[in-house]
Number of protein chains: 2
Amino acid sequence: MKNSQDSALRERAARVIPGGMYGHQSTALMPDGFPQFFTKAEGTRITDADGNEYIDYMCAYGPNLFGYNHPDIARAISAQQLKVDAATGPSPLIVDLAEAMVGMVTHADWAMFCKNGGDATMMALMIARAYRGKRKVLVAKKAYHGAMPWNTPRPAGVLPEDRAHLIYFDYNDPQALEDAAKEAGDDLAGIFAAPFRHDTFADQSMPDREYAQAARRIADKYDALLIVDDVRAGFRICRDCSWEAIGVRPDLSAWGKTLGNGQPISALLGNDRARAAASKIFVTGSFWFAAVPMAAALETMRLIRETEYLEHMTMIGESFRQGLASQAADSGFGLRQTGPVTLPMVLFEDDPDFRIGYAFCQAALQRGVYLSPYHNMFMNAAMTCSDIAQTLEATGAAFEDIKRSRASLKPSAALTALADA
Amino acid sequence: MKNSQDSALRERAARVIPGGMYGHQSTALMPDGFPQFFTKAEGTRITDADGNEYIDYMCAYGPNLFGYNHPDIARAISAQQLKVDAATGPSPLIVDLAEAMVGMVTHADWAMFCKNGGDATMMALMIARAYRGKRKVLVAKKAYHGAMPWNTPRPAGVLPEDRAHLIYFDYNDPQALEDAAKEAGDDLAGIFAAPFRHDTFADQSMPDREYAQAARRIADKYDALLIVDDVRAGFRICRDCSWEAIGVRPDLSAWGKTLGNGQPISALLGNDRARAAASKIFVTGSFWFAAVPMAAALETMRLIRETEYLEHMTMIGESFRQGLASQAADSGFGLRQTGPVTLPMVLFEDDPDFRIGYAFCQAALQRGVYLSPYHNMFMNAAMTCSDIAQTLEATGAAFEDIKRSRASLKPSAALTALADA
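Because the structure is a prediction, the values reported are computed rather than measured.

Trainee: Looking at this model, I keep getting lost on the interface of chain B and chain A. Mind explaining?
Mentor: When the parts of a complex come together, some accessible area is lost, and that lost area is often used as the size of the interface. Tallying the contact residues gives 96 residues for chain B and 96 residues for chain A. A buried area of about 8400 Å², summed over both sides, lies between chain B and chain A, and 61% of it is on carbon and sulfur atoms. Per-residue buried area on chain B facing chain A is highest for Tyr22(B), Thr88(B) and Phe282(B); these three make up 10% of the total on that side. Summed over the shared surface of chain B and chain A, the number is four salt bridges. Put simply, Glu99(B) and Arg12(A) hold a salt bridge, and the shortest N to O gap is 2.8 Å. Here chain B and chain A share 37 residue pairs in polar contact (both at pLDDT 80 or more) between them. Mapped by element, the contributors of at least two residues to the side of chain B that touches chain A are helix H1 (4–16), strand E1 (38–42), helix H2 (71–81), helix H3 (93–104), strand E4 (110–114), helix H4 (117–132) and helix H7 (275–280) of chain B. Grouping the amino acids of the side of chain B that touches chain A by side-chain chemistry returns 55 nonpolar, 22 polar and 19 charged.

Okay, here's the thing in C-alpha cells:
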C-alpha cells in the first residue's frame, strides 16, 4: 500500500500543526500505517492522499449517516448556497428546522442550534445551572461529553475549579447515581446521561431500564434537569431521542454529528420545563445561524422520516456483526461485540494491551477496510450487502493473518506510552 | 416597509426557540422594525423575509469580508464539495492552510483550526495554563472573548468557579495591567489582549503603543503567554495580526469570522514558545477537520494577499465616516465615530439612553441601509463608491428625520429593561 503522499504531508504538518495533528482525528493512537489525510469521500468510501480507497466504518466519527455527498442533501446544499448562508441574521430555515426536530423528538418543545457537539452539552450544563440557580451536575465516569475544560479527557490546561461542582458516578449503577444525588443534595442542578456507555478502549453497554428510570426519578425528586447526550448516537438508535426506546424522557438532549449528514450543525433540544432557563443564558457563535447546514439538516430529517434507513442500517450492522463473529470463531479468536449494531464496538478477548485488535485492523486496512481498534465504529445507510461481503472478505483474510502472526505481535508503542503516562 | 412574513416567522419562532431567538443575531435589543430573518445575501446586500433589500453594514457580524457569495470563493467551495468535506480524517488542505496562515501572520509558527471564535479563545486559555502549569489569566474588563461560562457577558448559568483565576484590568491602562500581573505573581499564565477596545454601547479605542508594549514586557517577565484575540478584527486592520501594525507580537492569536468569508472556520495561531503546550491539550470538534471551509479560507487568503481589498475597504470606510460626519454637522448632531474605519462605531453625543441612535438607525433602515446603533459595524471589500453614495443619501434623509422628531423620541423599551436589569 502506497503512503508516500501521506508521509510527505505528515512531515509538512509536523512543522505547522502542534504535534502534527490534534483532536479525535489525529492518528497518533491508531495502528501504524493508518493514513492521516483523505482526498475523497463518496458514499461509503474514503480515499487517502495516496489514492488508496477504503470502505469506511468510522463515517467521519459519526456524521456520515446517509453516505458521503448524498445526492439529495448535496442538492439542498447547493440550492441554499445561492440564497443565503451566514448573514446578519438567521434565515427562516432555523424556524423550519426547530419545528422539524420538535416534531420528531418526543420530549422536545424547543431547539437551539450551534456548531460543535460540545456547544450543545455546554449549553445543557449552563441551562441546568440557570434553571434553579443550583450548581452540582452528575456525570458518568469516563463518559465523553466534549473537549472543553469541564469535560476534556486530558488534564493539560484544566483547573480543578473547571470541574468544581461535577460529581462522578458509575454508568448504569442506580445506587451510585442515588448516592451522587444525595451528595449534591439541595444543590443538584442536573444529571448527564449518555444514551449508552461508549467509552474508548472499553466494551459498550446499553442502559438498564432501571438505571434510566432512576435518573428520571432523581431529577424530578430534586427538581433538577435530566440531560441525554445524543451527540454520538443520535438517529442511529431511533428516530427520536435514544432513551425514547426505553421509555425515559429527558428535559434536555444534545445532538450533533448526523444532524446535517456532515454539514457543521449541532443542537440542544429541551422541554417547556427548561425553556425559561434556556432563554436566560447567553450563548452564541459566529456561524451558528448559517442557513446552509440547516438546509442540509432539513433534508437529512426528511430522509430520516421518509426512508427505511434505520431498518436497513440495522440489518447491515447485524450482518457485519454476525460475519465477524463467525470468522472469529472459525479462526479461534474470541470477540466482544458490544453496543448497538449501528455503532459497533469490536474488541478481542485476551487482548489486554490491544495488540491483537491493532494487528487485525492493520490487516483489514491493507485490504481496503477502515476499522478502529479502540473507538466505536459507525454504520451508514448507504452501505449495501455487497459492501458487507467485500468487508468480510477482507476481515476473513485479516483473521488468517493474525492467526499466523499471533505469537509475534507487539503492542502499539503509542498505546504503551499512553498507558504509562 | 412590509414585515408580515417576518412577523409570522417570529410567532412560529417564539414557540420552538427559547425567547424567540438567542445569541448575537437576536434582534431583541435592536430598534423596533429591524427584521429578524433573511432570505438572501449577495455581495453587499441582504434581503429580509418580506423582500426588503438593505446595504448591510453588519456583514454577518464580521464574516463577510469580500462580499457575500463571492464568485471565486463560491467556486472553491463547489469544487471542494465534490471531493471531500467532513470525513474520517482531515484533507491535505489543513496543511496548506496552516502553511498559508503561518506565512501571513508574522508571530505564528503553527496553526490549529476549529469552528467558533470561542473555540480559539478557549484553546488559548488552556494553552496558557498548560504552558507552565500556572493559573491566572488577565482579561480586560467588558472585553468580549466568546460566550462560554468563563467569558459570556451574562451571568445566567455561570458559577464563580468558572472565572476563579481570571483577573480583570482596564483596557489601555499599562498601570492597571502591571497591578493585575502583580496580583497574579508567580501564578500568571496569560494575558488576553483585544486588538482594540470594541465593547458594545461604547466608543471604541485603539491600543496605545505603550500599553501593548507593557503587555509584551509583562508576559516575558512572568514567563506567561500574550494572546491577541483577533476574532472580530482579523484582516480588517492589516494582513497580519492586528498588533503587528504597532510592532507588538503575541505568543498566541485567535482568529475567526473573516477566515473563510462566511464559511465556518476559526483558528488559533501560535509561536514555537507555545508549541509544546499546544500539543498537550486535548481539544476537538465533530467538524473541525472538514475540508470545504478550509478551501474557502485558502481562497480568502489568496484574495487577501493578491488584491488591494484592505486599501479599498479603508478608502470606502473613510468616505462613509466623512460623509456621516458632515451630515451630522449640517443637521446639528454631534457624532462620535471611533475605532478603525473598517470597523466603524457610530454613537451620538448627548444620547445617554441611545434614543437618538436608535431612531437614526430606524430611519436609515426604512431607506434600505442596515446599521447598528450599539455594536461596531463592518465594512466589506465589495462595497463601492456608489454603495456609499446610496448609503449617504439614506443617512442624509435619516438625519433630517431625527432632526424633526428629536423632541418626541423615546428610549428603546428593550434597552431600558436591560439597563434596569
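Trainee: I tried to follow the relation of the copies chain B and chain A on my own but got confused; where do I start?
Mentor: Superposition of the two copies of the chain requires a rotation about an axis and a shift along the axis. Mapping chain B onto chain A is achieved by rotating through 180° and translating by 0.0 Å along the same axis, at an RMSD of 0.0 Å. The two molecules are tied by a two-fold rotation axis, judged by turn and shift. Interface overlap between copies is the fraction of interface residues in one copy that are interface residues in the other; for chain B against chain A it reaches 100%, indicating a shared surface.

Trainee: Would you explain the packing of helix H3 (residues 93–104) of chain A against H1(B) in this entry?
Mentor: Running from N to C, H3(A) and H1(B) point in directions that differ by 35°, and their axes come no closer than 9 Å. Both H3(A) and H1(B) take part in a crossing whose hand is left-handed. Counting all contacts with H3(A), which are made through Val95(A), Asp96(A), Ala98(A), Glu99(A) and Val102(A), the residues of H1(B) involved are Leu9(B), Arg12(B), Ala13(B) and Val16(B). Grouping the constituent residues of the contact of H3(A) with H1(B) by class yields six nonpolar, no polar and three charged.

Trainee: Got a minute to help me understand the sheet that holds strand E9 (residues 252–255) of chain A in this structure?
Mentor: Within a sheet, adjacent strands bond to each other through the backbone by hydrogen bonds, running parallel or antiparallel. All names here are of chain A. Within the open sheet, the seven strands sit side by side as E4-E10-E9-E8-E7-E5-E6. Their pairing is mixed. One side of each edge strand has no neighbouring strand; the edge strands of this open sheet are strand E4 (110–114) and strand E6 (166–169). Neighbour-to-neighbour, the strand axes of the sheet open up by a mean angle of 20°, direction not taken into account. The pairing of strand E8 (residues 225–229) with E9 spans three bridges and is classified as parallel. Paired with Asp229 across the two strands is Ala254, which belongs to E9. Docked against the sheet, helix H5 (residues 174–184) engages strand E5 (136–140), E6 and strand E7 (188–193), running at close to 160° with respect to E6.

Trainee: Help me understand the sheet that holds strand E13 (residues 369–370) of chain B in this model?
Mentor: Residues and elements named next belong to chain B. The strand order across the open sheet built from four strands is E1-E2-E3-E13, with neighbouring strands paired in mixed fashion. If you trace the sheet from one side to the other, it starts and ends with E1 and E13, each paired once. Pairing of strand E2 (residues 45–48) with strand E3 (residues 53–56) involves three bridges; the strand directions are antiparallel. Along E3, the bridge assignment pairs Thr47 with Glu53. Where helix H11 (residues 385–405) meets the sheet, it contacts E2, E3 and E13, and its direction lies at approximately 110° from that of E3.

Trainee: Explain the packing of helix H2 (residues 71–81) of chain A against helix H8 (residues 291–306) of chain A to me, please; I cannot follow it from the model alone.
Mentor: Two numbers describe a pair of packed helices, the interaxial angle and the distance between the axes. Residue and element names in this part refer to chain A. Two numbers describe how H2 lies on H8: the axes approach to 8 Å, and their chain directions differ by 150°. The pairing of H2 with H8 is recorded here as roughly antiparallel in orientation. Where H2 crosses over H8, the two elements pack in a sense that is right-handed. Here H2 contributes Asp72, Ile73, Ala76, Ile77, Gln80 and Gln81 to the contact with H8, which in turn contributes Ala291, Val292, Ala295, Ala296, Glu299, Thr300, Arg302 and Leu303. Looking at the contact of H2 with H8, its residues break down into eight nonpolar, three polar and three charged.

Trainee: Explanation requested: the pairing of E8(A) in the structure shown.
Mentor: Residues in a regular strand point their side chains to alternate faces of the sheet. All names here are of chain A. The element E8 is largely enclosed, with a buried count of five among its five residues. Burial along E8 is two-sided: Leu225, Ile227 and Asp229 and Leu226 and Val228, pointing in opposite directions, are all buried. The pairing of E7 with E8 spans four bridges and is classified as parallel. Within the sheet, the bridge partner assigned to Gly190 lies in E8 and is Leu225. Regarding topology, helix H6 (residues 209–221) serves as the crossover connection from E7 to the parallel E8, and that connection is right-handed.

Trainee: What am I meant to see in the nonpolar core here?
Mentor: Across soluble globular proteins, you tend to see nonpolar side chains buried next to one another. In terms of nonpolar packing, the biggest core is built from 320 residues, with Phe113(A), Trp243(A), Phe113(B) and Trp243(B) touching the most fellow members. If near-sequence neighbours (up to four positions away) are discounted, Trp243(A) is found in contact with Tyr171(A), Ala193(A), Ala194(A), Pro195(A), Pro207(A), Tyr211(A), Ala212(A), Ala215(A), Leu226(A), Val228(A) and Val248(A).

Trainee: Help me out: how do you make sense of H5(A) in this one?
Mentor: Since one α-helical turn is 3.6 residues long, residues separated by three or four positions face the same way. All names here are of chain A. Every buried residue of H5 is listed here: Ala176, Leu177, Glu178, Ala180, Ala181 and Ala184. On its buried side, H5 packs onto E5, E6, E7 and H6. Regarding H5, its N-cap is Asp173, as a side-chain oxygen of that residue lies 3.0 Å from the backbone nitrogen of Gln175 further along. Residue Gly185 follows H5 closely and has a positive phi angle near 55°.

Trainee: Where do I start with the pattern of salt bridges in this structure?
Mentor: All told, the structure shown has 56 salt bridges over all chains when counted by the stated rule. Residue Glu349(A) is joined to Arg336(A) by a salt bridge in which the shortest nitrogen-to-oxygen separation is 3.4 Å. Pair noted here: Glu349(A) is in the loop between strand E12 (345–348) and helix H10 (355–366) and Arg336(A) is in strand E11 (residues 335–338), with a separation of 13 residues, a long-range link. Note on Glu349(A): relative accessible area 34%, which makes it partly exposed. We classify Arg336(A) as partly exposed; its relative accessible area is 26%. The partner of Arg273(B) in a salt bridge is Asp251(B), and the shortest N-O contact between them spans 3.1 Å. Of this pair, Arg273(B) sits in the loop between strand E10 (266–270) and H7 while Asp251(B) is found in the loop between strand E8 (225–229) and strand E9 (252–255), placing the two residues 22 residues apart along the sequence. Looking at Arg273(B), the relative accessible area reads 27%, which means it is partly exposed. Residue class for Asp251(B) comes out buried when judged on its relative accessible area of 2%. Linked through salt bridges whose partners overlap, the residues forming this network are Arg132(A), Arg216(A), Asp220(A), Asp223(A), Asp251(A) and Arg273(A).

Criteria and thresholds
Within each chain, residue numbers correspond to sequence positions counted from 1 in written order. All chains are assigned letters beginning with A, and all ligands numbers beginning with 1, in the order in which they are written. The model is predicted, so local features are restricted to residues of pLDDT at least 70 and side-chain atom pairs to those at 80 or more, both for listing and for counting; the totals for chains, interfaces and linings are taken over all residues. With hydrogens and water excluded, all non-hydrogen atoms of the structure serve as input to the side-chain values. For this analysis, residues touch if any pair of their heavy atoms sits within 4.5 Å. Summed over both partners, the accessible area lost on bringing two parts together, with a 1.4 Å probe, is the buried area. Each salt bridge in this description consists of a side-chain nitrogen of Lys or Arg and a carboxyl oxygen of Asp or Glu lying within 4 Å of one another. Definition of a polar contact: a pair of N or O atoms within 3.5 Å, with one able to donate and the other able to accept a hydrogen when the atoms are protein atoms, and with sequence-neighbouring residues admitted only if both atoms are side-chain atoms. The way it works is that DSSP assigns letters per residue, a run of H or I at least four long becomes a helix, a run of E at least two long becomes a strand, and they are numbered from the N terminus. The nonpolar class holds Ala, Val, Leu, Ile, Met, Phe, Trp, Tyr, Cys and Pro. Asp, Glu, Lys and Arg form the charged class, and all remaining residues, Gly among them, are polar. We superpose the copies by least squares over the C-alpha atoms of residues that have a pLDDT of at least 70 in both of them. Lines are fitted to the C-alpha atoms to define the axes, a helix being fitted only along its stretch in contact, and any angle between axes, read from their N-to-C directions, falls within 0 to 180 degrees. Helix crossings get a hand from a simple test, with the near helix turned counterclockwise from the far one by less than a right angle marking a left-handed crossing and a clockwise turn marking a right-handed one. Pairing between two strands requires that DSSP report at least two bridges joining them. For classification purposes, an angle smaller than 35 degrees is called roughly parallel, one larger than 145 roughly antiparallel, one from 65 to 115 roughly perpendicular, and anything else oblique. Residue burial is assigned from relative accessible area. The probe radius is 1.4 Å, only protein chains are included, and a residue is buried under 20% of its type maximum, exposed over 50%, and partly exposed in between. A crossover counts as right-handed when, viewed with the strands pointing away from the observer, the path leading from the first strand over the helix to the second turns clockwise. Throughout this description, the term nonpolar core refers to a set of buried Ala, Val, Leu, Ile, Met, Phe, Trp, Tyr and Cys residues connected via side-chain atoms within 4.5 Å.

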